[in-house]
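Residue-level structure breakdown
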Amino acid sequence: GQDKLVVFCFNAKADPTVSLSTTGAIVGGSVDASAVVANGDTFEARSVLTFSLHLNSCDGTQIGSSQDKPINDGIIDADAITVAAAGTYYWKATFLGDANNNAASDCESVTVSKATPTITVTTTGAAVGSNIKASAAVSGGVGYTGAIQLVFTLHAGEACGGSPIAGPDGKT
């Protein structure tokens, strides 16, 4: 017999990983994300990472996306997305793969907190037996809907504790 040499050649693709980091916000602000792609083989010049923001789950309704970002050797930042409602959202970073690398993705939740408005009250002093006037300014809130109702009560002393001496109708 004759010996036969059999040669197998194959080009295995690398299995890169995507590691995503997110930053939450207060409603009306923007949520941020960044990612690192690691363990890949040489990425093609056209290789990009796609960022998207979703409701309810990683595969929920997409509510925003970032411009595709070239894959590099460092941190890849998504474009910030402004969110109009409080809740839990999900950033997803996806690499679709190329000639040298398989596809990879990561998904992380991000919390958008309710705004915490503040009320600043200004009063005018008055002589005994005359009216006291007060006004209030509301700030730090986002997306008010409908009427905002402020109820004023007058308390004796320096603190607002105890029973009021006058209520919203000016009477006790």
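Note that the structure is a prediction, hence the values are computed from the model and not measured. (Residues numbered from 1 in each chain as written. Predicted model: local features only at pLDDT ≥ 70, side-chain atom pairs only at ≥ 80, totals over all residues. Heavy atoms only, no water.)

All right, on to the nonpolar core then. The tendency in soluble globular proteins is for nonpolar side chains to be buried side by side. Grouped together as the largest cluster of nonpolar side chains are 24 residues, with contacts concentrated most on Val18, Val31, Leu49, Phe51, Leu53 and Trp91. When contributions to this core are tallied by element, the ones reaching two or more residues are β1 (17–23), β3 (30–38), β4 (48–55), β9 (87–95) and β10 (104–113). Each residue touching Leu53, except ones within four places of it in the same chain, is listed here: Val31, Thr61, Gln62, Ile63, Gly64, Ile81, Val83, Tyr89, Tyr90, Trp91 and Val110. (Core = buried A, V, L, I, M, F, W, Y, C linked by side-chain atoms within 4.5 Å. Buried < 20%, exposed > 50% of the residue type's maximum accessible area, 1.4 Å probe, protein only. Helix = DSSP H or I, 4+ residues; strand = E, 2+ residues; numbered from the N terminus. Contact = heavy atoms within 4.5 Å.)

We now examine the pairing of β3. Pairing analysis gives seven bridges linking β1 to β3, with the strands arranged antiparallel. Bridge assignment links Ser21 to a residue of β3, and that residue is Ser34. Strand direction decides the pairing type here: β3 and strand β8 (residues 81–82), joined by two bridges, are antiparallel. Paired with Ser30 across the bridge in β8 is Thr82. Pairing of β3 with strand β7 (residues 76–77) involves two bridges; the strand directions are antiparallel. Residue Ser34 lies in a different strand from β7, and its bridge partner there is Asp77. (Pairing = 2+ DSSP bridges.)

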